[in-house]
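Descriptive analysis of the structure
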Amino acid sequence: VKTGSPLTCEKWTAAYKAGRSFVTNGPMLFLEVDGKDPGGEIHLIVPRSVNVKVRAQSPIVPMGVLQLIVNGEVVATAKPSADEAAEIDQPVRIGRSSWIAARIRGDGHRLVVNDPKVFAHTCPVYCYVNNQRIAFPEDAKIAVAWIDRLIQDVFASPRFSHEAKRNKVIALFRKAQRYYQEIR
């Protein structure tokens, strides 16, 4: 989580909630889009290119590949150098409201415990074109079906001490489902 100095619990929590972070089991990963870090927003009046810089370092655990992701699709890759560093520095055309993230993939390593593969993934930078939301009907359809399965799991679960608690969870899932149904 990128907090700035000095580190405090409040700053860490706020930065985490804002998406200024990445997850990793070894490699360090840094993303910048038009000067914005993960969790940042870019508002474009019309479609245009944005400048994307990704840096990765992993001096202990070997990386396989660095990938630049736009709306879930790999748009650029870089192989690590001999010192386990990799970079992508290129413009990316944004034709519609989109999210941009970076990830690392790699083979398993003896120093990586509890995970079969080496990985890192940034939170996205959000690029809005003409204030349109970022929405993909096919993805929303998958989310609606997934939430249906979660609701069925909640109905079947013996882990709720009170029916009111179960109903609260189901209501939250139904709220999320309505959001994705609107996109679909």
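Residues numbered from 1 in each chain as written. Predicted model: local features only at pLDDT ≥ 70, side-chain atom pairs only at ≥ 80, totals over all residues. Heavy atoms only, no water.

1. Some words on the overall build of the protein chain
For clarity, the threshold we go by: In this description a helix means any DSSP run of H or I spanning at least four residues, a strand means any run of E spanning at least two, and both kinds are numbered starting from the N terminus. Exposure is judged per residue with a 1.4 Å probe applied to protein chains only, and the accessible area is read against the type maximum: over 50% gives exposed, under 20% gives buried, and values in between give partly exposed. Every residue pair with non-hydrogen atoms within 4.5 Å of one another is taken to be in contact.
Helix and strand counts for the protein chain stand at three helices and 10 strands. What you see in the protein chain, going N to C, is helices and strands ordered as α-β-β-β-β-β-β-β-β-β-β-α-α. Oriented by its inertia axes, the alpha-carbon framework of the protein chain measures out at about 55 × 45 × 35 Å. Here the protein chain, with 184 residues, has 35% of them falling under the buried criterion. A fraction of 61% describes how many contacts in the protein chain between residues 6 or more apart in sequence connect residues 24 or more apart.

2. A look at unusual backbone geometry
A cis amide bond, omega -10 degrees, links Ser5 with the succeeding residue Pro6. Within the secondary structure, Pro6 sits in the segment before helix 1 (9–17). In this structure, Asp34 takes a positive phi of about 45 degrees despite not being glycine. Relative to the assigned elements, Asp34 resides in the loop between strand 2 (28–33) and strand 3 (41–44). For Asp34, a relative accessible area of 28% puts it in the partly exposed group. One non-glycine residue with positive phi stands out, namely Glu84, at about 60 degrees.

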